[in-house]
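What follows is each chain in one-letter form.
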Amino acid sequence: MARRHDLVGLTVLALLTVRAAHPYELHRFIVETHKDYITGLPRSLYHAVERLAKDELIVPAKTDREGRRPERTVYEITEEGRAELAARLKQLLERPDPDRCTFVAAVSLIGCLPLPDAQRALRGRAATIEGALAGMDAHRRAMADSGLPAVLMLEVEYEQALQQAELDWIKDLLGRLDKGELDWASR
């Protein structure tokens, strides 16, 4: 999974931690659960399955045929696939990215991680965001002190508001996790 953000491949790995499945079942599940960060279905899904199988992160478990339908290969995740999933998911949770879609995908799949790993990644992200917010605040103050009109810094103000909202949400989520308010059954 050398691709920078192979969200389709990551999702396939995550879904296969639940149970072995063939690509059509995976496609249906992605659509039914509104994993809207995935685009280009079904082609992107079939390409991801091919890449994952080539990299031996998933392997064929069996091939079925029902009636006159074409054969369907059922895949399962390997131990290497589980390790790759955990590493990639922790990275996406921990490191803010300008493409907010990656965080949406990571949150969607967060239950695949053991709770302590998820909490650690979220705390790391919160710390990074707090640092970025402090930097933005200092930048805005310096620009204001230099006489730059506030109207020319609206994009920084907007980005600050987005980051603050994300930080508040993460802190709330961590509080709920710490209190055991969410069921957690990592696979």
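Overview of the structure. (Residues numbered from 1 in each chain as written. Predicted model: local features only at pLDDT ≥ 70, side-chain atom pairs only at ≥ 80, totals over all residues. Heavy atoms only, no water.)

## Observations concerning the packing of helix 1 (residues 7–16) against helix 4 (residues 79–94)
Phase 1 of the analysis: Here helix 1 crosses helix 4 at 125°, and the two axes come no closer than 10 Å. By the angle class used here, helix 1 and helix 4 are oblique. The hand of the helix 1/helix 4 crossing is left-handed. Within the contact between the two elements, helix 1 uses Leu7, Leu10, Leu13 and Ala14 and helix 4 uses Gly81, Glu84, Leu85, Arg88, Leu89 and Leu92.
Phase 2 of the analysis: When grouped by side-chain class, the residues that make up the contact of helix 1 with helix 4 number seven nonpolar, one polar and two charged. (Axes fitted to C-alpha atoms, helices over the stretch in contact; angles between N-to-C directions. Helix = DSSP H or I, 4+ residues; strand = E, 2+ residues; numbered from the N terminus. Parallel < 35°, antiparallel > 145°, perpendicular 65-115°, else oblique. Left-handed = near helix turned anticlockwise from the far one by under 90°. Contact = heavy atoms within 4.5 Å. Nonpolar A, V, L, I, M, F, W, Y, C, P; charged D, E, K, R; others polar.)

## A short note on helix 5 (residues 101–109)
Since one α-helical turn is 3.6 residues long, residues separated by three or four positions face the same way.
Phase 1 of the analysis: Those residues of helix 5 that sit buried are Thr102, Phe103, Ala105, Ala106 and Leu109. Angularly, the buried residues of helix 5 cover 160° about the axis, an arc narrow enough to put them on a single face.
Phase 2 of the analysis: Buried residues along helix 5 sit in contact with helix 1, helix 4, helix 6 (115–145) and helix 7 (154–178). (Buried < 20%, exposed > 50% of the residue type's maximum accessible area, 1.4 Å probe, protein only. Arc of directions from axis to C-beta.)

## So, the nonpolar core
Phase 1 of the analysis: In this structure, Leu16, Leu26, Leu89, Leu93 and Leu122 are the most contacted members of the largest nonpolar core, which totals 43 residues.
Phase 2 of the analysis: Elements that contribute at least two residues to this core include exactly helix 1, helix 2 (23–32), helix 3 (43–54), strand 2 (72–77), helix 4, helix 5, helix 6 and helix 7.
Phase 3 of the analysis: Per element, the largest residue contribution to this core is eight residues, and it comes from helix 1.
Phase 4 of the analysis: Mapping this core onto the domain boundaries places at least three of its residues in each of domain 1 (1–113) and domain 2 (114–186). (Core = buried A, V, L, I, M, F, W, Y, C linked by side-chain atoms within 4.5 Å. Domains from an automatic or database assignment.)

## What about the packing of aromatic side chains?
Phase 1 of the analysis: In this structure the tally under the stated criterion is one aromatic pair.
Phase 2 of the analysis: Look at Phe103 and Trp169: their rings are 6.2 Å apart centre to centre, the planes differ by 90°, and that puts the pair in the edge-to-face class. Of the two residues, Phe103 is situated in helix 5 and Trp169 in helix 7; the sequence distance between them amounts to 66 residues.
Phase 3 of the analysis: On the basis of relative accessibility, which here comes to 9%, the residue Phe103 falls in the buried class.
Phase 4 of the analysis: Its relative accessible area of 37% is what places Trp169 among the partly exposed residues.
Phase 5 of the analysis: Over the aromatic face of Phe103 sits the side chain of Arg125, whose NZ or CZ is 3.7 Å from the ring centroid. (Phe/Tyr/Trp six-rings, centres within 6.5 Å; stacked < 30°, edge-to-face > 60°. Lys NZ or Arg CZ within 6 Å of the ring centre and 35° of its normal.)

## Notes on the pattern of salt bridges
Phase 1 of the analysis: In total, this model carries 14 salt bridges according to the counting rule given.
Phase 2 of the analysis: The shortest N-O distance in the salt bridge between Glu79 and Arg82 comes to 3.7 Å. Here Glu79 pairs with Arg82, and both are found in helix 4, just three residues apart, close to one helical turn.
Phase 3 of the analysis: Among the residues examined, Arg82 registers a relative accessible area of 30% and is labelled partly exposed.
Phase 4 of the analysis: Glu159 is the partner of Arg100 in a salt bridge, and the nearest nitrogen-oxygen pair spans 3.0 Å. Of this pair, Arg100 sits in the loop between helix 4 and helix 5 while Glu159 sits in helix 7; the two residues are 59 residues apart in sequence, bridging distant segments of the chain.
Phase 5 of the analysis: Assessed through its relative accessible area of 26%, Glu159 is described here as partly exposed. (Salt bridge = Lys/Arg side-chain N within 4 Å of Asp/Glu carboxyl O.)

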